[in-house]
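Report on the structure
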Amino acid sequence: MEKWPIGIFTSVGAGLGAGLDTVRALGIHTVQLHSPHGPERTPERVAHFRKQFADAGVQVTVVFAGFEGESYADIPTVQRTVGLVPADTRAERLQETKDIADFAEGIGCDVLGMHIGFVPEDRGDRTYIAIVAAAREICDYCQTKGQRFHLETGQEKADVLLRFFQDVSRENLAINFDPANLILYGADEPIPALRMVGKHVKSVHCKDAKWARNPGREWGQEVPLGQGDVNIPLFLRTLKDIGYVGPLTIEREIIGEQQRKDIAEAIALLQRLRAAILGD
Ligand code: MG
């Protein structure tokens, strides 16, 4: 694969992502895919999706797991509902995660991604211990399929994430680095964080955001790529510094015509920057 192929975060009927029509119209050949819901993951549907992506000449580089009952309404709601943090749904979601890994395998994708939820900073915390165990279980399941497991960044500081990696201690655990999330959640400065966790970064979201007035207590604002506080040129230069060669996957968390327009502009921006930074 060429270095830094441009990609789009997509969805086939679930979650926030551009549709395959947008991907085709924009001439893009790699996508991350938000997993469809259970009824859309039958063997027939798997075969259908596999063919659909193959016919479009599109490679799915990551399948993202998402769950019924998750809400991103505000930061406390995310803490309460997202990923493997809520204890009452953990076992059920772990099982569904494995089903989604099977789905990813079925469509020929070797990476499973997820917002695992807010990892507590205290290593002695009962939830922390449970999430470490859950992450190991997912890594070990993915390992049997030759898959990696990528954690989406955003909800914790870089040093907490690094410690979590040490504690999980699995070779196929990696990071999907989303610089905008660190701003949206008020968790950390994206560029220093990227340098700190760089060796674990195996996929990225190209997304931009502005800091909230009270970071960590209220949402920052997601904005079109290049118009926020990430510093996208520096983000790409830092990706080069850490030796990242994977896809640059654009994520724009709005829907409709404006999404398509913003993605088209993001592609143009990334093409310009890629040529200038990689020099080809
Ligand atoms: Mg993201």
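Just above, that's the structure.
Keep in mind that what you see is a predicted model, and the values were worked out from it rather than measured.

Throughout the structure, instances matching the rule amount to 17 salt bridges. Measuring nitrogen to oxygen at the nearest pair gives 2.7 Å for the salt bridge that ties Lys 51 to Asp 55. On the criterion of helical spacing, the pair formed by Lys 51 and Asp 55 is a turn pair, its members being 4 residues apart in helix 2 (residues 43–55). With relative accessibility at 53%, the residue Lys 51 sits in the exposed group. Linked by salt bridges that have partners in common, Asp 178, Lys 207, Glu 251 and Glu 253 make up one network.

This brings us to the nonpolar core. Counting 86 residues, the largest nonpolar core has Phe 164, Phe 177 and Phe 235 as the members making the most contacts within it. When sequence neighbours within four positions are dropped, the list of residues in contact with Phe 235 reads Phe 177, Pro 179, Ile 191, Leu 194, Val 204, His 205, Cys 206 and Val 230.

The coordination sphere of the magnesium ion, as far as protein atoms go, consists of Glu 152 (OE), Asp 178 (OD), His 205 (ND1) and Glu 251 (OE), spread over 2.1 to 2.2 Å. In primary-sequence terms, the residues that donate to the magnesium ion follow E-x25-D-x26-H-x45-E. Taken together, the residues span a long stretch of sequence, with Asp 178 in the loop between strand 6 (173–177) and helix 7 (179–184) and Glu 251 in the loop between strand 10 (248–250) and helix 10 (257–278) at a distance of 73 residues. For the pair formed by Asp 178 and Glu 251, the shared burial category is buried.

To continue, consider the environment of Met 196. Among the structural elements, Met 196 can be located in helix 8 (residues 190–197). The residues contacting Met 196, other than those within four sequence positions of it, are Ala 158, Asp 159 and Leu 162.

What follows concerns the environment of Gly 66. Of note, Gly 66 is situated in the loop between strand 3 (59–64) and helix 3 (75–81). Given a relative accessible area of 13%, Gly 66 falls into the buried group. Taking C-alpha positions, Gly 66 is 29 Å from Arg 213, a pair spaced 147 residues apart along the chain. Not counting residues up to four positions away in its chain, the partners in contact with Gly 66 are His 34, Glu 96 and Ile 100.

Calculation notes
Residues numbered from 1 in each chain as written. Predicted model: local features only at pLDDT ≥ 70, side-chain atom pairs only at ≥ 80, totals over all residues. Heavy atoms only, no water. Salt bridge = Lys/Arg side-chain N within 4 Å of Asp/Glu carboxyl O. Helix = DSSP H or I, 4+ residues; strand = E, 2+ residues; numbered from the N terminus. Buried < 20%, exposed > 50% of the residue type's maximum accessible area, 1.4 Å probe, protein only. Core = buried A, V, L, I, M, F, W, Y, C linked by side-chain atoms within 4.5 Å. Contact = heavy atoms within 4.5 Å. Donors = N, O, S within 2.8 Å, 3.2 Å for Na, K, Ca; no water.

All quantities given are derived from atomic positions and should not be read as evidence of function.
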